[in-house]
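Observations on chain architecture
Here are the chains, one letter per residue:
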Amino acid sequence: MTIFKQFGTNLKIYTKIIHMKTRHKTINYNAFCTKLYQTNPLKLVFPLHQFHRKYCFHSFRGDETDSDTEDIEQKRDIKNIILLDNNDTLAIKISECKSLQDIFDILRNNNNQLNWKNISMAIAMVRELQIIYYRVCMFEKNLNSYITPEDSFENILTNNDFLNLLNLMEEHYEFMNIQCLSYSLLCLHKIGVDINCTVSNKLSYRLQKILMTTPVEEIEPCILSRFTVSIVSHRDLLGLYILKDIWPIVLKKLNLCETYEDIKHISICLYNLPWFLNKSIMDNFVTIVEHTLLNKPQHDDKIKCIVKVLRLINSPYWINQNIDLTRSLLLNLQGVIKHIALYDMIQLQMIIVKQSEPYQLFEEIHNETSKWLSKADVDTDITVLRLLSCIVPSSSASRRKHIESLLRKQFLLNNSFSQLCIGPLFNIIRNLKTSDLHICNAYWSSVLDWLISGKPLIREHHKLLRICNRYMNFNNNMSGTYRHYKFENQMINWLNEELEQGVSAIIPSKFSKIFSFFISYPNENIGYEMPEVMVKKVLDTVGQYSVYDCYIISRGLNTAFINRKNKTSLPMFLDQYVRLCTALNKRCLEILNQEPNLSIDQINSLYRGYNHRYNVKEPELFYKILDRYKNFTSEHFSSRTIRELTYNLVTSDWYDAELLDKCLKYLIKNHKYLLAENVEKILTVFFLYGVNSEKFIEFLPYATEIINRDKFKMSGLNFMRASLALCYFYSLPTSIKDYLFSVEFLEKLDDELNNCYAKATYPLKVRQLLMILNRAVCIDYPEFDVPWFHTKYCEEIQSLVPKHTGSFYLDVEKRVGQLIKNKGYLKANSFSPYGYKLDFEIILNKSKQFKRENKNEKLVLLLLNEKDLRKTDNEMRGLSKLKQRHLEILGYRVVWIKKSIWNSMFMTEPEAKLSYLKSLIWKRP
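If you're wondering where the values come from, they're calculated on a predicted model, not measured in any experiment.

Our focus in this paragraph is helix H40 (residues 878–889). Over its 12 residues, H40 runs 16 Å from end to end, which matches the ideal 16 Å to within 8%, given 1.5 Å per residue. Taken as a whole, H40 has its buried residues at Gly878, Ser880, Leu882, Lys883, Gln884, Arg885, His886 and Leu887. Contact partners of the buried residues in H40: helix H32 (676–689), helix H34 (716–728), helix H37 (762–780), strand S7 (837–843), strand S8 (858–864) and strand S9 (892–898).

Written out as structure tokens, the structure is:
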């Protein structure tokens, strides 16, 4: 409990006792007893009513590259980190400071007796107080409270006292030991001091020299990780040039790893030096990790080590290289999630979302993190936002409504929030798929305002491109329905400036992203044609593009085509579109021919890029992509890659039995780790194509069990899709049926429809699927005694169905009319019970022309267009097979007429079509 008194405008905090639950104990803090000043902006007024929770969090500044754990769930003793067993009185006094001004006052009052220990401790404590500021005061800033720009760490780099501290560092850095030197360099980087400034350069060169001359055995891994994290922030060749000399030391230390701490810090080094990694090094690292981490007792240090290792092996290039190790490490954390620091938990959640498995840990983390939602109304900060960004994708409709109301209330009310919230808020709003455009507009308007009002540094090309990529992903998640024209126009202006004045025009990976964004969002201000000079540049340099570059441009072309589809007179754009797609197809073929060892992720990217260029097909490329999957076994797959692959197969409308059997082999082997959302995807594929296999039959019981297990957590649409597939394969259990037609589920559907973003299409899709499912259960499972409650809905739909006017239908209608003279026995465009549309219905027992034994036979002629057939073998899809099965149960004899056969060459003979119809109708069962 916090006890404080306020006298006028002065706030004095007398005592603060913090009770925190940590991993295995309760710690009482009596450490925050201070007087808050008014004269100096750096004497910050902390909102102490939030302080007890804020101190439970990991520092976010530089979270992706932290080398020292700044998790202050336990009180940190900075002195023992950098000055172990040292009794310097002044250093101890500095370590006990409660404000920046206290630190600066001590330095000023003792200027003549300062030494390197005092300076090291001072910069370390500045960093500690910065952590507090960003954990506490930025919360107030997020809520548009009283914290002003002057009362913040954002201006520390121009503060005279801090500049004096930097000067003192220049005077004393040569005397610092290696611990203080590395920690000071890291703190300067985290505080925001330019790595290229004089003091940072002197520290880094001094540390580099010591590292190069010290025996490897005497170098602690934490020194290497601090140095690596600091130098890699150069983001240029100079940083790589410095680190190339350190890389051999990192490799030697890798082979000397014995403790959890060793592995943790070497993992940080490797994570920040992806350019130097190769498969041999990673294999060695994996071997060491397996020997040191797996099947060992749980320990706090082990948990933190696992998190860092997982972050490394789940980095983009290596994410599919060690699926089994990733799963083993994640499962190693079962039962201890509640003891993991919140920031580490967020890291784990992000990894699991990427991997889409294992279920056990996903469920445990979700249950633990969900507890924070109840506190979010009064205690939301940047870390909770990051937490919410992980929770949203798997949240129920009611929980999403709660999160949406939270955003509306706390962050978007005044269209203003801290730049630190931009990333987490993006993930939250993107996955919410909200129909409230005020939230979307407020977010992108605030991002734009921040970019316009901020320093030029925040508009560096890589930062602009990251935001552009976010906008494109956001637009894609909203099915292309959302546009913020002011944001698009301003971003295009900045990108134009970068092309004219920066280096992006000559870097393929940069130019591809700029080009993709530039062409995706046309409007009246910038025009609807693609600039020919940019098109020509792409065509001239296409041979330099990687797999990912080709994918990025293809995505842009797809978005460009969709956003211009209503513009009928754009011959120049269409010509540009065809030339670009053709060139990209050729480039992708070259990549496949030149690079035999592409990863499964790269093949999936090639496949998805090809699907984006669906208007300009290249069969040779398509078949080569599919053929390349033969290089992989089921061991190369993961839930994530299978999810991507099934999406690509459905998009390209292709069924590959061999490839899907490999996926099934993986799913069967790892069924206990699977999430229902991924199982639904594979079930839907087999239902859509109306096929099964021995492997699929083996997988069905596992799939049924998983869907039943997660039925309460799945989205309504996905659950209905899975249920329909199970119904088609006669695998629908009573438990799923009971929930499917319960009041609880139908109310859940109503909530989803009320809060969906695509109100023009999504409700229709859900209502249609519910009708199909209701019909399937009524016909296939009469023992379930489920009522048919879609009679009125079917009547409404039937009244809107137009009469067929296609040449195929009219030609068949003409021939059938020639065969059946009595029109009373022929019905066209009729409907069966349960609402199936029948192209032609013939009552055979009433016609004198037909002498049949079965005098009560009803026959239906149904037409099959190309879209009703699988491309691979020209056989019927699942929905058509389901229709035939149901009509036969209802007493009809079903005859199909394929358009390809009807229009084939042998049908051009006189009377050929009549003879064909007669053979179908008179054919005995």
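Looking at the secondary structure, you find Arg483 in the loop between helix H22 (461–477) and helix H23 (485–501). At a separation of 2.7 Å, a polar atom in the side chain of Arg483 contacts the side chain of Glu488. Each residue touching Arg483, except ones within four places of it in the same chain, is listed here: Tyr471, Asn475, Glu488, Tyr521, Pro522 and Asn563.

Attention now goes to unusual backbone geometry. Following Glu357, the chain continues to Pro358 via a peptide bond in cis, the omega torsion being 0°. Within the element layout of this structure, Pro358 appears in the loop between helix H15 (342–355) and helix H16 (359–370). One non-glycine residue, Asn829, lies in the positive phi region at around 55°. Considering the arrangement of structural elements, one finds Asn829 in strand S6 (residues 826–831). Relative accessible area serves as the criterion here: at 18%, Asn829 is assigned to the buried category. We note that Asn874 has phi near 60°; this positive angle belongs to a residue other than glycine.

What follows is about the confidence of the model for the chain. As a general rule, the predicted coordinates of low-pLDDT regions are not to be interpreted in detail. Here the chain averages 82 in pLDDT, while 84% of its residues score no lower than 70. Here strand S2 (residues 10–16) stands out as the least confident element of the chain, with mean pLDDT 28; helix H33 (residues 694–709) is the most confident, with 96. Confidence drops under pLDDT 50 across residues 69–75; counting only partners more than four residues distant or on other chains, this segment forms 33 contacts. Per-residue pLDDT stays below 50 along residues 138–151; that stretch engages in 38 contacts with residues further than four places along the chain or on separate chains.

According to the stated counting rule, one finds 38 aromatic pairs in the structure shown. For the pair Trp444 and Phe487, a centre-to-centre distance of 5.0 Å together with 55° between the ring planes defines the contact as tilted. Within this pair, whereas Trp444 is found in helix H21 (residues 437–453), its partner Phe487 is found in helix H23, the two being separated by 43 residues in sequence. The class of Trp444 is buried, set by a relative accessible area of 1%. Between the aromatic rings of Tyr781 and Phe784, the centroid separation amounts to 4.8 Å while the plane-to-plane angle is 5°, which identifies the pairing as stacked. Across the pair, Phe784 and Tyr781 agree in class, each one buried. In this structure, Lys537 is placed above the aromatic ring of Phe511, and the distance from its NZ or CZ to the ring centre is 5.5 Å.

Strand pairing in a sheet is mediated by backbone hydrogen bonds. Such pairs are either parallel or antiparallel. Taken in spatial order, the 4 strands make up an open sheet running S6-S7-S8-S9, and their pairing is mixed. The open sheet has two free edges, formed respectively by S6 and S9, since each of these has just one partner strand. Between one strand axis and the next, the sheet turns through 30° on average, direction left out of account. Looking at chain direction, S8 and S9 are connected through 7 bridges and run parallel. By the bridge assignment, Leu864 is partnered in S9 with Lys898. The sheet strands contacting helix H42 (residues 912–922) are S7, S8 and S9, and the helix crosses S9 at an angle near 155°.

The subject of this paragraph is the side chain of Arg775. Examined against the element boundaries, Arg775 turns out to sit in helix H37. Salt bridges are absent for the buried Arg775, whose nearest opposite-charge side chain, Asp780, sits at 9.1 Å. With sequence-adjacent residues up to four places away left out, Arg775 is seen in contact with Trp788, Tyr834, Gly835, Tyr836 and His886.

Structurally, Asn692 is set in the loop between H32 and H33. Between the C-alpha atom of Asn692 and that of Ala657, which follows or precedes it by 35 residues, the distance is 8.9 Å. Leaving out residues up to four positions away in the same chain, Asn692 has contacts with Phe686, Ile697 and Phe729.

This next bit is on the pairing of S7. Here S7 lies mainly inside the structure; 7 of its 7 residues are buried. Bridge analysis of S6 against S7 gives 5 bridges, and the strand direction is antiparallel. Looking at S7, one finds that Phe831 is bridged to Lys837. Connecting the antiparallel pair S6 and S7 is a turn made up of 5 residues, with Tyr834 showing a positive phi of about 70°. The pairing of S7 with S8 spans 4 bridges and is antiparallel. Across the sheet, Phe840 pairs through a bridge with Leu861, a residue of S8.

With that settled, consider the environment of Leu592. Among the secondary structure elements, Leu592 is positioned in helix H27 (residues 571–594). Here the alpha-carbon distance between Leu592 and Ile625, two residues 33 residues apart in the chain, equals 7.8 Å.

The biggest cluster of nonpolar side chains holds 156 residues, and the ones touching the most others in it are Trp444, Phe515, Phe517, Leu683 and Ile707. Not counting residues within four places of it along the chain, the set of residues in contact with Ile707 comprises Ala676, Val679, Glu680, Leu683, Met714, Phe719, Ala722, Leu726 and Ile736. Formed by 100 residues, the second largest nonpolar core is a distinct cluster that contains Ile119, Leu166, Cys180 and Ile263.

Right, let's talk about helix H13 (residues 300–313) for a bit. Relative to the 20 Å expected for 14 residues at 1.5 Å per residue, H13 spans 20 Å between its end C-alpha atoms, a close match to the ideal helical length. Counting buried residues in H13 gives 12 out of 14 residues, a clear majority hidden from the surface. Here H13 has its buried residues at Lys302, Ile303, Lys304, Cys305, Ile306, Val307, Lys308, Val309, Leu310, Arg311, Leu312 and Ile313. Those residues of H13 that are buried lie in contact with helix H11 (260–272), helix H12 (279–293), helix H14 (323–331) and H15.

Where helix H31 (residues 657–669) meets H33, the axes come as close as 10 Å, and the angle between the chain directions of the two elements is 35°. Relative to H33, H31 is oriented so that their crossing is left-handed. Contact residues: Asp661, Leu664, Lys665, Leu667 and Ile668 in H31; Lys695, Phe696, Glu698, Phe699 and Tyr702 in H33. Residues that form the contact of H31 with H33 fall into these classes: 6 nonpolar, no polar and 4 charged.

Let us look at a nonpolar patch on the surface. Taken together, the side chains of Tyr205, Leu238 and Tyr241 present a nonpolar region at the surface, about 320 Å² in accessible area. As for its position among the elements, Tyr241 is in helix H10 (residues 237–255).

Each value, and the rule that gives it
- Residues numbered from 1 in each chain as written.
- Predicted model: local features only at pLDDT ≥ 70, side-chain atom pairs only at ≥ 80, totals over all residues.
- Heavy atoms only, no water.
- Helix = DSSP H or I, 4+ residues; strand = E, 2+ residues; numbered from the N terminus.
- Expected span 1.5 Å × (residues − 1).
- Buried < 20%, exposed > 50% of the residue type's maximum accessible area, 1.4 Å probe, protein only.
- Contact = heavy atoms within 4.5 Å.
- Polar contact = N/O pair within 3.5 Å; in protein donor to acceptor, adjacent residues only side chain to side chain.
- pLDDT = per-residue confidence, 0-100.
- Phe/Tyr/Trp six-rings, centres within 6.5 Å; stacked < 30°, edge-to-face > 60°.
- Lys NZ or Arg CZ within 6 Å of the ring centre and 35° of its normal.
- Pairing = 2+ DSSP bridges.
- Axes fitted to C-alpha atoms, helices over the stretch in contact; angles between N-to-C directions.
- Lys, Arg positive; Asp, Glu negative; His and termini not counted.
- Salt bridge = Lys/Arg side-chain N within 4 Å of Asp/Glu carboxyl O.
- Core = buried A, V, L, I, M, F, W, Y, C linked by side-chain atoms within 4.5 Å.
- Left-handed = near helix turned anticlockwise from the far one by under 90°.
- Nonpolar A, V, L, I, M, F, W, Y, C, P; charged D, E, K, R; others polar.
- Patch = residues over 30% accessible without salt bridge, like charges linked within 9 Å, V, L, I, M, F, W, Y side chains within 5 Å.
- Areas by Shrake-Rupley, 256 points an atom, 1.4 Å probe, with all protein chains shown as cover.

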